[in-house]
Amino acid sequence: MSWSLYFLMYKSLFLLLLALSIPLAIYLLPIFGFEKIIYKLDLYSPFWIFSLQFGLGLLLFMKLFGDFKKWIADIICESKTHTLIILLVIIAISIFISLAWIEGRSRVEADESVYLTTAQNLYHNQIGIHCIEGSFLENGLVCVAFESVKPRGLSYLYMLGMPIFGTDLYWVYNFHSFLLLLTLPIFFLALKAWTKSDTLSILSVALLASVPILLFQFRSASTESAYVFFFVLSLLFLKWAYDKNTIRHWLLLALTLAFFAQTRSETVFCLFAFIWIVFYCICINGQARRSVLSILNYKFSIFLATLSFFCLPILCTLSLGKNNPLQGGSHAPHGHLFENIVENFKIMALTKLSPEGLLQYPFFPYFTWLALFGLIALIILTIKEFRSKYPIPYKYITIFLLLLSPQYIILFDAVSADFNLTVQQRFILVVLPILAFLGALFLNKLLEYMKNSNRLLNSTNICILLVGIIAANTLIYSESFKRNIMYKNDYYSTEKTYLHNWLKKQPHQKKLLFHTSPPLLLSHGYSSYGYYAILKLNSIDMQEILEEYNGEVYIAKGVYCKNLQRSSKMVTLILTNVCKQLDKYFEYEEIESDTSISIIHRVKGLTNIDPRGLLRLVDFRENTEDSLLLLSYILPKKDSVPWKFQRYINNELIFETPYEYSTPIDSYKISLLEQDSNTIDFKIIDTITGDTIHKDYLKLERIRKDKK
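Residues numbered from 1 in each chain as written. Predicted model: local features only at pLDDT ≥ 70, side-chain atom pairs only at ≥ 80, totals over all residues. Heavy atoms only, no water.

A. Expanded view of helix 11 (residues 271-284). If you check helix 11, its first and last C-alpha atoms are 19 Å apart, about what 14 residues at 1.5 Å a residue would give, namely 20 Å. Taking burial as the measure, the 14 residues of helix 11 include 10 buried ones, the bulk of the element. Every buried residue of helix 11 is accounted for by Leu-271, Ala-273, Phe-274, Ile-275, Ile-277, Val-278, Tyr-280, Cys-281, Ile-282 and Cys-283. Check the buried side of helix 11 and you find it contacts helix 6 (172-195), helix 9 (223-244), helix 10 (247-260), helix 12 (298-310) and helix 16 (394-412). (Helix = DSSP H or I, 4+ residues; strand = E, 2+ residues; numbered from the N terminus. Expected span 1.5 Å × (residues − 1). Buried < 20%, exposed > 50% of the residue type's maximum accessible area, 1.4 Å probe, protein only. Contact = heavy atoms within 4.5 Å.)

And the structure:
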């Protein structure tokens, strides 16, 4: 072996070690006390790594564009004319339904606000973390940041569009419709390139484009639609690189896969399926010797090192969030995988209509059953393939799907992945392209069987008929789309739409809004803070804010302020008492009201109860399990003062502590309370003079459980 080959082999070994060391180091550093390094990388690396990744990817694609155009042209030329016409019709129907029948709006507000506020922070501050509160000032965004396990890929795409389409981000809903416009033809081209079958490819696209959940999510700001787009794009680029087998093609694929990994947190685990195909192509099926040393192929090494490096942002997010409890309420993450799968299958396969003739869930049972039959067919074909040869390598398809499955297992074992919760139904988009392919595989094999049984049958006409039935079945449920069956009861999404419709009617001037969920407003360019922020203000602070915003200061009280029935499987805020305390401390006028959604007040100032901002009672609630009354409050004054803070229950002193700036929670035994009316008094006493500086009280009306 020549020295040049030895050098290349050692270079490949170095790149392989680098590829493996990056995820290993990111995983281990927090364990050995270097969590701050990963935290800094998680904050500051996304903007710069994504920018480098986008620039390199664009440059490579421009260099290879001529080759790509010729390669795609060859695929299209292999397709029959009627197939391409059907594809255009499918795309046209999907886009029509999306734009004409489905309102562009956030669907899963808690998650989508994270992506939108992260985009704001990336744009204004180049920091990859979302804001829970903040102000838009002349020099940018002042952000109160909060750690998140959400990836930043979709946010970066929004950031790229902000200089062109606007920083208010209202355009993102149309952007997702544009992604749908790209996704469907790319899915067709990817399948046609891999399978060489017009029928299988067009049926797969028809099935994918027909599912209501997909059409709903592609009119939201959900990351699942970006996931589907980058998944099908990765499939197409994988085949392109597989056919051409050059370093530049593999590099472009690595950059695409690395960004695909930034769409959902668990997506990184499905990359093994793509890596396996790349390894097979380069190191086993290619020119490399079939030996242990074949893994040292330079193409594979540089592909893996590139993929590993550009996955760094999502690896940091996963490393920091590996102990995150996520959200689950009484149905916490993990341990419910099979339960979720069974329950979700029932919902998808046994969907019923409401008395009004609307879909109860955004699924078609026929789609689910076709996918199931397709899976069974794939298993049978894979077994048969060991005995005889087939034109499509079913065993490789099966291996690919098996290597994708860890991502699905992780997802459906995680946070309350039960489709009875409407907001969780979007998770199926991660599996949807595969389900569409499996359903099409079953139909395609059925058509082949029918043609072989009766040669007079025209399989092309039957295929066109099937596509027509699929499209017609979607179109007849127009009212289900128009009536927003999926999210009509999503209080938070409805509230956000209401608030933004009101804001659009107002004169374009600087505003400050206080709300239970500030990201709802912050995500679209409005300065917004939570109730705790306004409860800390004294009269001087309030006057300064009113002057700075020209009196355009508002409190919006929405669904968090109401006693709504919430699922036990979800952890959500309940701020009914907090909202009541706002009425106590602030003067405002009601200027807009829909009592079922939100009430908007213009703030005029503070009441005379506590103008100095010394004590703000916030919330109180009973913890029946521990027989405790929990009371939270704010001591806003930050200056050191010689005061003490006393709490009385029915005139009996219970607690006495020094007055210090804090937001504590007191716990009182319920046995201390009377059966009916109770008074909790609060006093701030000057320890030097003995004077009462401030006092407040809280009345509790309750009936003891042991009362007869």
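B. Highlighting helix 4 (residues 109-125). Its 17 residues give helix 4 an end-to-end C-alpha distance of 23 Å, which sits within 8% of 24 Å, the value for a rise of 1.5 Å per residue. For helix 4, the buried fraction is high: 13 of the 17 residues fall into the buried class. Where helix 4 ends, the next residue or the one after it, Gln-126, has phi of about 60°, a positive value.

C. Main features of the pairing of strand 5 (residues 553-557). Within strand 5, five of the five residues are buried, which leaves it mostly tucked inside the rest of the structure. Residues Val-553, Ile-555 and Lys-557 line one face of strand 5 and the alternating positions Tyr-554 and Ala-556 line the opposite face, and both faces are buried. Bridge analysis of strand 3 (residues 512-515) against strand 5 gives four bridges, and the strand direction is parallel. When the sheet's bridge partners are listed, Leu-513 is paired in strand 5 with Tyr-554. As paired elements, strand 5 and strand 7 (residues 598-606) share four bridges and run antiparallel to each other. Pairing of Ile-555 across the sheet is with His-601, part of strand 7. (Pairing = 2+ DSSP bridges.)

D. Inspection of the state of the cysteines at higher detail. One pass over the full model with this rule turns up two disulfides. Here Cys-131 engages in a disulfide with Cys-143; their sulfurs sit 2.1 Å apart. Note on the Cys-131 and Cys-143 pair: the S-S dihedral is about -115°, so by sign convention the disulfide is left-handed. Of the two residues, Cys-131 is situated in strand 1 (residues 130-137) and Cys-143 in strand 2 (residues 140-146); the sequence distance between them amounts to 12 residues. Between the sulfur of Cys-561 and that of Cys-579 lies a disulfide, 1.8 Å long from S to S. Every disulfide takes its handedness from the sign of the S-S torsion; for Cys-561 and Cys-579 that torsion is -65°, giving left-handed. Here the residue Cys-561 occupies a position in the loop between strand 5 and helix 24 (576-585), and Cys-579 occupies one in helix 24, the gap between them amounting to 18 residues. Like Cys-579, Cys-561 is buried. What links to what in the chain: the bonded cysteines, counted in sequence order, pair as 1-2, 3-4. Summary of cysteine pairing: Cys-77 is not part of a disulfide, and the nearest cysteine sulfur, belonging to Cys-463, is at 20 Å. (Disulfide = S-S within 2.5 Å.)

E. A look at the packing of helix 3 (residues 81-101) against helix 6. Running from N to C, helix 3 and helix 6 point in directions that differ by 160°, and their axes come no closer than 10 Å. Taken together, the axes of helix 3 and helix 6 are roughly antiparallel relative to one another. The element helix 3 and its partner helix 6 pack so that their crossing is right-handed. In contact with Thr-83, Leu-84, Leu-87, Ile-91, Ser-94, Ile-95, Ser-98 and Leu-99 of helix 3, helix 6 contributes Asn-174, Ser-177, Leu-180, Leu-181, Leu-184, Pro-185 and Phe-188. In terms of residue class, the contact of helix 3 with helix 6 is made up of 10 nonpolar, five polar and no charged. (Axes fitted to C-alpha atoms, helices over the stretch in contact; angles between N-to-C directions. Parallel < 35°, antiparallel > 145°, perpendicular 65-115°, else oblique. Left-handed = near helix turned anticlockwise from the far one by under 90°. Nonpolar A, V, L, I, M, F, W, Y, C, P; charged D, E, K, R; others polar.)

F. Region of interest: the sheet that holds strand 12 (residues 665-669). Taken in spatial order, the three strands of this open sheet run 8-9-12, and their pairing is antiparallel. A strand with exactly one partner marks an edge of an open sheet, and here the two such strands are strand 8 (616-623) and strand 12. Averaged over all adjacent pairs, the angle separating strand axes in this sheet is 20°, with direction ignored. As judged from the five bridges shared by strand 9 (residues 628-634) and strand 12, these two strands associate in the antiparallel manner. Pairing of Leu-630 across the sheet is with Ser-667, part of strand 12.

G. A look at the packing of aromatic side chains. One pass over the full model with this rule turns up 46 aromatic pairs. Residues Phe-61 and Phe-237 carry aromatic rings whose centres are separated by 6.2 Å and whose planes lie at 25° to one another, so their mutual orientation is stacked. Linking Phe-61 in helix 2 (residues 35-78) with Phe-237 in helix 9, this pair joins segments that are 176 residues apart in sequence. You can call Phe-61 partly exposed: its relative accessible area is 22%. Residue classification places Phe-237 among the buried residues on the basis of a relative accessible area of 8%. For the ring pair Phe-260 and Phe-274, a centre distance of 6.3 Å and an interplane angle of 75° mean the geometry is edge-to-face. (Phe/Tyr/Trp six-rings, centres within 6.5 Å; stacked < 30°, edge-to-face > 60°.)

H. Layout of the side chain of Asp-619. By secondary structure assignment, the location of Asp-619 is in strand 8. Within the structure, Asp-619 has its side chain in polar contact with the side chain of Asn-577 (distance 3.1 Å). (Polar contact = N/O pair within 3.5 Å; in protein donor to acceptor, adjacent residues only side chain to side chain.)

I. Local environment of the pattern of salt bridges. Following the criterion strictly, the structure yields 23 salt bridges and no others. Linking Lys-496 and Glu-109 is a salt bridge whose minimum nitrogen-to-oxygen distance equals 3.4 Å. Separated by 387 residues along the polypeptide, Lys-496 in helix 20 (residues 491-505) and Glu-109 in helix 4 bring together distant segments of the chain. The same class applies to Lys-496 and to Glu-109, which are both buried. (Salt bridge = Lys/Arg side-chain N within 4 Å of Asp/Glu carboxyl O.)

J. Structural view of the sheet that holds strand 13 (residues 677-686). Overall, antiparallel pairing links the four strands, which are arranged 11-10-13-14 in an open sheet. A strand with exactly one partner marks an edge of an open sheet, and here the two such strands are strand 11 (652-658) and strand 14 (692-701). Across the sheet, the mean angle from the axis of one strand to that of its neighbour is 15°, orientation sign disregarded. Note that strand 10 (residues 643-649) and strand 13 share seven bridges and pair antiparallel. Counterpart to Tyr-648 in the pairing with strand 13 is Asp-681.

K. Geometry of the nonpolar core. In terms of nonpolar packing, the biggest core is built from 160 residues, with Tyr-158, Phe-274, Leu-404, Ile-428 and Leu-432 touching the most fellow members. With 14 residues, the single largest contributor to this core is helix 9. Apart from the residues lying within four places of it in its own chain, the contact partners of Ile-428 are Ile-213, Met-348, Phe-363, Phe-412, Phe-419 and Leu-435. (Core = buried A, V, L, I, M, F, W, Y, C linked by side-chain atoms within 4.5 Å.)

L. Spotlight on the side chain of Thr-317. With respect to the helices and strands, Thr-317 occurs in helix 13 (residues 312-321). We classify Thr-317 as buried; its relative accessible area is 4%. Excluding residues that lie within four positions of it along the chain, Thr-317 makes contacts with Asp-42, Ser-148, Val-149, Lys-150 and Arg-152.

Limitation: the analysis is restricted to geometry and does not speak to function.
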